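The lines below spell out each chain.
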Amino acid sequence: MAAGPRVDYLAGFCCPVGGLAAGRPRVLCHDGRIYLSNGSAFVYVYDQEGRLLQAVYRFPDQVWHVELLPLHRQLYILCAKTGIYCLSLDQQSRVTEAPTGDGDGDSKEADGPANVLPVDADACIFPDADLCAFTLLSNFIITLAQAQGKWWMELHELPAPSQEPPACRHISKVGFSTGAPAGGDGDAPASRFLPVLCCALAPGSGDGLWCSGGFILAEPLFSLLFGVDAAMLDSPMILGGFPDGQLCSVPLKALSAAADADTNATAGPDPPVKVLHHLEEPVVFIGALRTERREADEADDPPLPPGDADCVVAVGHYGKLVAIKAGRREEAPAPELREYYLRGPVLCAACSSGSRMYYSTHSDISAVDLECGSNASDSEDGDDTAAGVLPPVLAPASLSICSVVALSLSSRAAEGESELLALSAKGRLMTCDLCSPEEVHPVRLTPDKAGQRIKELLSGIGNVSERVSFLKKAVDHKNRALTCLNQVLDVSAALLSGQDGAKPITCTITAAWSRLLLRDTLSVSCMLENSSDHSLEQGWTLCVQLLAGTCALDEATADTGTTYTFPVEQLPPGGQREVTLPLGTAEDAKLELPLTVSCALFYSLREILDSGPDSLDDLFPDDSPLLSPDREGICLPLSECTIDMLQCLRVGEAAGPASAPDPVEAFLETAGVQAESNGTSGSNGLGDECLVPSAASIKVSSELLKSALKDFSAGAALSCATLRWLLAENTAAEALSSQDVAEVRGLAPDGGEVQLLIREVAMNDLCPAGPIQAVEILIQSSSLADLCGVHHAVIGRIQALVLEQAAQGSGPPDLRMQYLRQIQANHETLLKEAQALRDRLCLGDEASATAEKLLSIYQQLRNPSLVLL
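Criteria and thresholds
- Residues numbered from 1 in each chain as written.
- Predicted model: local features only at pLDDT ≥ 70, side-chain atom pairs only at ≥ 80, totals over all residues.
- Heavy atoms only, no water.
- Helix = DSSP H or I, 4+ residues; strand = E, 2+ residues; numbered from the N terminus.
- Buried < 20%, exposed > 50% of the residue type's maximum accessible area, 1.4 Å probe, protein only.
- Contact = heavy atoms within 4.5 Å.
- Areas by Shrake-Rupley, 256 points an atom, 1.4 Å probe, with all protein chains shown as cover.
- Pairing = 2+ DSSP bridges.
- Axes fitted to C-alpha atoms, helices over the stretch in contact; angles between N-to-C directions.
- pLDDT = per-residue confidence, 0-100.
- Expected span 1.5 Å × (residues − 1).
- Lys, Arg positive; Asp, Glu negative; His and termini not counted.
- Salt bridge = Lys/Arg side-chain N within 4 Å of Asp/Glu carboxyl O.
- Phe/Tyr/Trp six-rings, centres within 6.5 Å; stacked < 30°, edge-to-face > 60°.
- Lys NZ or Arg CZ within 6 Å of the ring centre and 35° of its normal.
- Core = buried A, V, L, I, M, F, W, Y, C linked by side-chain atoms within 4.5 Å.

Looking only at helices and strands, the protein has 14 helices and 43 strands in total. Within the protein, the fraction of its 869 residues that count as buried is 46%. In the protein, 63% of the contacts between residues at least 6 apart in sequence involve partners at least 24 apart. With the model as given, the accessible surface of the protein reaches about 43,200 Å², and the carbon-plus-sulfur share is 52%.

Okay, structure coming up:
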């Protein structure tokens, strides 16, 4: 490898914007043909000798895995959400040639060949939407699927080449759990990583069996790793690497035994799954190496048979490599396991027929040699048993080839492992001829060899240029990401540090009526003000959530509000940005008040990190206050405000000349009950007579209001100060701050008239020490809905006032408890009577009379003989 690889670019294939992703692409080579899948819905057949693309197969969905069965010249393809397809390489009986210039392909494959062979549904020999991986063993296929929170391994017999229609014969099915959390509801892979399957054969069984991607293990490693029972049964072992990091093994003959147990209808033993090791990161490759090179006359042990491997390797996505081989101690033979840490993330890997393993990262292909030490210097004990010990550390050798997503050892290579097949992230297929140092000899270049050498150098220059360009883009992207993260964290720290006091970034929420397109419109305005030392750059978004009506009070529906997003773009220190949301017009608005308005700043980290929520888990703990609930970015709450009827009243305006409706009729319409027909409607029978509106009364202690409303009572009567306080957040009532007014009229959002009257009264029966001075807040309206809305808003303000004064230590005077108990008993009686009348009203019995009596009870309940102290 000191001479460096000779890279030969064969062809370019279509790839999506941003390049191919690791884990799905696959490259196979057999008899001069290359079978390639780039992770899309296409599989390509390429003639390496003639440098010609021979066929392109199109499948219904993304291709996850490809395996070749040379014995029957068949290609097996795992298609996502569909199943396994079988294609014959000799005859295309189940595919039909599409016309030239097929235009219904993916736009990302637009520069592909004109002739595409769509695969017919009859070619699917194993339909299963839950399949994640499979491997072949002679005439058998072993599949792995995830469903119902478990992994399911199934054994099937492949159909004969002449069988029509082709279908696999099911033999057995075993379910087990590796302890990994299932993804979602347990019916999908737990992450973006797919499991890895391969076969390990016992020594001497390779003559009658053939496996795809498998290997033959020499003794005593096979017995030490899988147990004496598996060695005595001469059972092939199925090795599986899972996304949670576990490396497991299952004896193939145990699957056959499970089939016999099912046939006999007896309860079989537990699934014979053995956990060999836990890498604690997704397993992306399993292979085997031949680490000992001994001759019979140089060692006491006989030499290994040709092709037998003496070391199993498993590679994790983040760079952990685990090597397992037979230990050298005779007194207590046991497997020797050693962990190495490579530079990750590892995209793909391939094992040679010797002791070298090749693996690819985003920036390079590297080779590591696991050849065992041949002298005592490699051992800590310094004895002769050091021969055959794995090296303590690995020294990766760079091949200077970047961004390769699929690797395969070419079958044309000689025993000396000299050629690799590679597919780059940009869709370029290449071969890499690797020369060992001992193979390099100084020779005189002939003109033909000089020309070939120049071509190789130019090809290497192009590869180095591509690598430099890739690395420069990666460094620039990381610099931009770090700059954005630094700015985001500065803003987050400034906001979090000001939680108890004044925040450096605020959002003020107000509701106001305005004239828009000749119509009165109620709008919510959010003023974002940046008083910090940091600028809000591009990427920040102001999120305004509207939670209407009962949704704000019900936790079960707390996520059903409507959220509006406004890009901030650029907001320097001291800058302001205002956004306005129209809620509706006076003519057609159906507002559900109270309306909760919440404002927050959001910054999505998906774009700058170029990954999913898993990367955020590495930056922030699970209980971090910065992460949004969906863990997609940073969410910083700014403010929350409740818009109620008192803020939406149009103070000073009067209703139109239309007569007031009958309260009973209005109540029946609200309750959804049709009044009894008596020849004339209630409102028409009244003529132009104006009915008495519905009313509600709330009494509050004067002492409580005087101590709480000092800012509003300067130079004004207590009743006037109370009205100013109630309408302080109403922009239409600003004129009241300079007037001594204790009564006001206004229009609700739906046009109904509402009257607020504040007066001072004396409560004589509550306190034995004498009358209690109180302020009565009287609410009148001809609309029951408007009356309830204003009543709810007033009660909310008074409750907050009472809690605030209670926190300061003020207490109520001595009261007559017997009088209070009598009032409570009267209210309970009224509530029971109201419930009975509501039941009668639902049955439709005497609707008008029942509704009139129920309305009277409600009015009594809204006018209690109590005072808030």
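Don't stop here, the text continues.
Two orientations exist for strands paired in a sheet by backbone hydrogen bonds: parallel and antiparallel. The strand order 6-7-8-10 describes an open sheet built from four strands, whose pairing is antiparallel. With one partner strand each, in any of the chains shown, strand 6 (63–69) and strand 10 (124–127) form the two edges of the open sheet. Averaged over all pairs of adjacent strands, the angle between their axes in this sheet comes to 20 degrees, without regard to strand direction. Judged from the six bridges that link them, strand 7 (residues 74–79) and strand 8 (residues 83–88) form a sheet pairing that is antiparallel. Bridged to Tyr76 within strand 8 is Cys86.

What follows covers the confidence of the model for the protein. Across the protein, the average pLDDT comes to 76, with 72% of residues at or above 70. Strand 22 (residues 311–316) holds the highest mean pLDDT among the elements of the protein, 94, whereas helix 9 (residues 682–686) holds the lowest, 35. When the criterion is pLDDT under 50, residues 263–268 qualifies, and its contacts beyond four places in sequence or with other chains add up to two contacts.

Across its 51 residues, helix 4 (residues 447–497) extends 74 Å between first and last C-alpha, which sits within 8% of the 75 Å expected from 1.5 Å per residue. Taken together, the buried positions of helix 4 are occupied by Glu456, Ser459, Asn463, Glu466, Ala481, Leu485, Gln487, Val488, Val491, Ser492, Ala494 and Leu495.

Within the secondary structure, Asp308 is located in strand 21 (residues 308–309). Buried and unpaired, Asp308 has no salt bridge, with Arg290 as the nearest side chain of opposite charge at 6.1 Å. Excluding anything up to four places from it in sequence, Asp308 contacts Pro203, Ile216, Ala218 and Arg290.

The subject of this paragraph is the environment of Ala123. The topology assignment puts Ala123 in the loop between strand 9 (117–118) and strand 10. The exposure class assigned to Ala123 is buried, which follows from its relative accessible area of 0%. With 37 residues separating them in the primary sequence, Ala123 and Cys86 have C-alpha atoms 5.7 Å apart.

Mapped onto the fold, Ser37 is located in strand 3 (residues 33–37). When its relative accessible area of 0% is taken as the criterion, Ser37 is described as buried. Setting aside its immediate chain neighbours within four residues, Ser37 contacts Arg24, Pro25, Arg26, Phe42, Val43, Val63, Val66 and Leu423.

Quick look at unusual backbone geometry now. That bond from Glu219 to Pro220 is cis: its omega, 5 degrees, falls within 30 degrees of zero. Mapped onto the elements of the fold, Pro220 is located in the loop between strand 16 (215–217) and helix 1 (221–226). Each neighbour pair has its own omega, and for Gly344 with Pro345 the value is 0 degrees, a cis peptide bond. Checked against the element boundaries, Pro345 lands in the loop between strand 24 (335–341) and strand 25 (348–351). Although it is not a glycine, Ser138 sits at a positive phi angle of roughly 55 degrees. On the secondary structure map, Ser138 appears in the loop between strand 11 (131–137) and strand 12 (140–147). Judged by relative accessible area, which is 15%, Ser138 ranks as buried. Notably, Glu569 is not glycine yet its phi reads approximately 65 degrees, a positive angle.

To describe a pair of aromatic rings, you give the distance between the ring centres and the angle between the ring planes. Throughout the structure, instances matching the rule amount to eight aromatic pairs. Each ring, one from Phe13 and one from Tyr44, has its centre 4.8 Å from the other, and the planes form 55 degrees; the classification is tilted. Taken together, the residues Phe13 in the loop between strand 1 (6–12) and strand 2 (26–30) and Tyr44 in strand 4 (residues 42–47) connect sequence positions 31 residues apart. The pair Phe13 / Tyr44 is uniform in exposure class, with both members buried. Looking at Lys173, its charged tip hangs above the ring of Trp152, at a distance of 4.7 Å from the centre.

A word on the pairing of strand 18 (residues 246–251). The buried fraction of strand 18 amounts to six of the six residues, a majority that puts the element mostly inside the structure. Residues Gln246, Cys248 and Val250 point to one face of strand 18 and Leu247, Ser249 and Pro251 to the other, with burial holding for every one of them. Where strand 17 (residues 237–241) and strand 18 come together, five bridges link them in antiparallel fashion. Counterpart to Met237 in the pairing with strand 18 is Pro251. As judged from the four bridges shared by strand 18 and strand 19 (residues 274–278), these two strands associate in the antiparallel manner. Its bridge partner lying in strand 19, Gln246 is registered against His278.

Moving on, we come to the nonpolar core. Grouped together as the largest cluster of nonpolar side chains are 37 residues, with contacts concentrated most on Leu528, Leu536, Trp540, Leu542 and Leu601. When contributions to this core are tallied by element, the ones reaching two or more residues are helix 4, strand 32 (505–516), strand 33 (519–530), strand 34 (540–548), strand 36 (576–585), strand 37 (595–604) and strand 38 (633–643). Not counting the four nearest positions on each side in its chain, Leu528 is found in contact with Ile505, Thr506, Cys507, Leu536, Leu542, Val568, Leu571, Gly575, Gln576, Arg577, Leu601 and Leu638. The next biggest cluster of nonpolar side chains, apart from the first, holds 31 residues, and it includes Ala696, Leu705, Leu787 and Val794.

Another point: the pattern of salt bridges. Applying the stated criterion across every chain, the model contains 16 salt bridges. For Glu67, the salt bridge goes to Arg26, with nearest N and O atoms at 3.0 Å. Of this pair, Glu67 sits in strand 6 while Arg26 sits in strand 2; the two residues are 41 residues apart in sequence, bridging distant segments of the chain. A relative accessible area of 4% means that Glu67 is categorised as buried. Judged by its relative accessible area of 23%, Arg26 falls in the partly exposed class. The shortest N-O distance in the salt bridge between Asp369 and Arg356 comes to 3.9 Å. Pair noted here: Asp369 is in strand 27 (residues 365–369) and Arg356 is in strand 26 (residues 356–360), with a separation of 13 residues, a long-range link. Here Arg356 falls in the buried class, since its relative accessible area comes to 12%. One continuous salt-bridge network, built from bridges that share partners, spans Arg515, Asp520 and Arg650.

Turning to the sheet that holds strand 12, a few remarks are in order. An order of 11-12-13-14 is seen for the four strands of this open sheet, with the pairing classed as antiparallel. Edge positions in the sheet fall to strand 11 and strand 14 (169–176), since each of these pairs with one other strand and no more. Each strand axis lies, on average, 20 degrees off the axis of its neighbour in the sheet, ignoring direction. Note: strand 12 against strand 13 (residues 150–157), eight bridges, orientation antiparallel. In the strand pairing of strand 13, Phe140 is matched with Glu157.

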